[in-house]
Amino acid sequence: MTPSDPISPSVSPPAGPPGLLVAFEGVDGSGKSTQLRRLSARLAAAKIPHTVTKEPGATPLGKKLREILLDPALPASALAQLFLFQADRAQHRQEVLSPALDRGGIVLSDRLSDATMAYQAFGFGLSRELVATLTRVALDGLRPDLTVLLDLPVEALEGRLSARAEGRTRFERLGRDYFDRVRRGYLEIARVHADRTLFLDATLPPDLLEKQIDAELARRFPGRFGR
Ligand SMILES: Nc1ncnc2c1ncn2[C@@H]1O[C@H](COP(=O)(O)OP(=O)(O)OP(=O)(O)O)[C@@H](O)[C@H]1O
Ligand SMILES: [Mg+2]
């Protein structure tokens, strides 16, 4: 970790808002939505209020941006995509993240800033400095309190995505090497930000992953998650 490394924190992070922000990250099909849904259901059963959100597409503007980003008829350069993702993020922070966190709420986000670093910088080769700077501006310095990283090797990803037409098309278009770079990017980000990352082997059964997530939340945030 060096101060010049853009994915490293160069100064200690300022104290954030009173809420708790938990991000779920990992390559396509790694099980982010599955684990987020399960955690949300457990919190709901325990009557613990929380906000479920995602990037991109959590706000009305974000929904339009998500459609544009996912439309195969609208090719966008890596740099153009980066700006669209950051526009979504700026709106997400203002409309969803900050209001909930300022109230002291628990926020669970299906992808957040690490995804842009992994996909746009490590995957497409955009400057890490640029990605880190734009993310910092879009989030106004906000950082996840915990990132649950579901690590899936590219061979396993291929198998999971082949079950879904949309995922298969994306895999075929972007290629195995691309997803391998993204996965390695996530591993590097997790190494640099080990203090805020829960690293999980996404090939494990969902029930086991759920237990690992619960144990980590209870250990890090005693009382907040009901155990
Ligand atoms: N631990 C697991 N072991 C095996 N299969 C899993 C596991 N978790 C999820 N799956 C399956 O893998 C597929 C992808 O899961 P999910 O949609 O949760 O991933 P995701 O990370 O949200 O994907 P995307 O990036 O496309 O949104 C689904 O068919 C899901 O049932
Ligand atoms: Mg998902």
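Please refer to the structure placed before this passage.
Rules used in this analysis
Residues numbered from 1 in each chain as written. Chains lettered and ligands numbered in written order. Predicted model: local features only at pLDDT ≥ 70, side-chain atom pairs only at ≥ 80, totals over all residues. Heavy atoms only, no water. Helix = DSSP H or I, 4+ residues; strand = E, 2+ residues; numbered from the N terminus. Buried < 20%, exposed > 50% of the residue type's maximum accessible area, 1.4 Å probe, protein only. Near = heavy atom within 4 Å. Polar contact = N/O pair within 3.5 Å; in protein donor to acceptor, adjacent residues only side chain to side chain. Areas by Shrake-Rupley, 256 points an atom, 1.4 Å probe, with all protein chains shown as cover. Pairing = 2+ DSSP bridges.

Trainee: Residue-level account of unusual backbone geometry, with values.
Mentor: Residues E55 and P56 are joined by a peptide bond in cis, for which omega reads -10 degrees. Along the chain, the position of P56 falls in the loop between β2 (50-54) and α2 (60-70). The phi dihedral of K47 is positive, around 55 degrees, even though this residue is not glycine. For K47, the location among the structural elements is in the loop between α1 (32-45) and β2. With relative accessibility at 73%, the residue K47 sits in the exposed group. At D140, a position not held by glycine, the phi torsion is positive, near 50 degrees. Here D140 lies in the loop between α5 (128-139) and β4 (146-151). Accessibility expressed as a relative area gives 58% for D140, which makes it exposed.

Trainee: Tell me about the site of ligand 1, and please be specific about residues and values.
Mentor: In the neighbourhood of ligand 1, 16 residues make up the surrounding shell, with G29, K32, S33, T34 and L204 lying closest. Take T34: an N or O atom from its side chain is 2.4 Å from an oxygen atom of ligand 1. Note that a nitrogen atom of ligand 1 is positioned 2.8 Å from one of the backbone N or O atoms of L204. Protein chains shield 68% of the accessible area of ligand 1, which is 630 Å² for the free molecule. Elements supplying a minimum of two residues to the shell around ligand 1: α1 and α9 (206-220). Considering each element in turn, the shell around ligand 1 owes the most residues, three residues, to α1.

Trainee: Can you tell me about the pairing of β4, naming the residues and giving the values?
Mentor: Burial analysis of β4 places six of its six residues in the buried class, the great majority of the element. Here β4 shows a buried face lined by L146, V148 and L150 and a second buried face lined by T147, L149 and D151. By the bridge criterion, four bridges tie strand β1 (residues 20-25) to β4 in an arrangement that is parallel. Counterpart to F24 in the pairing with β4 is V148. Strand direction decides the pairing type here: β4 and strand β5 (residues 197-201), joined by five bridges, are parallel.

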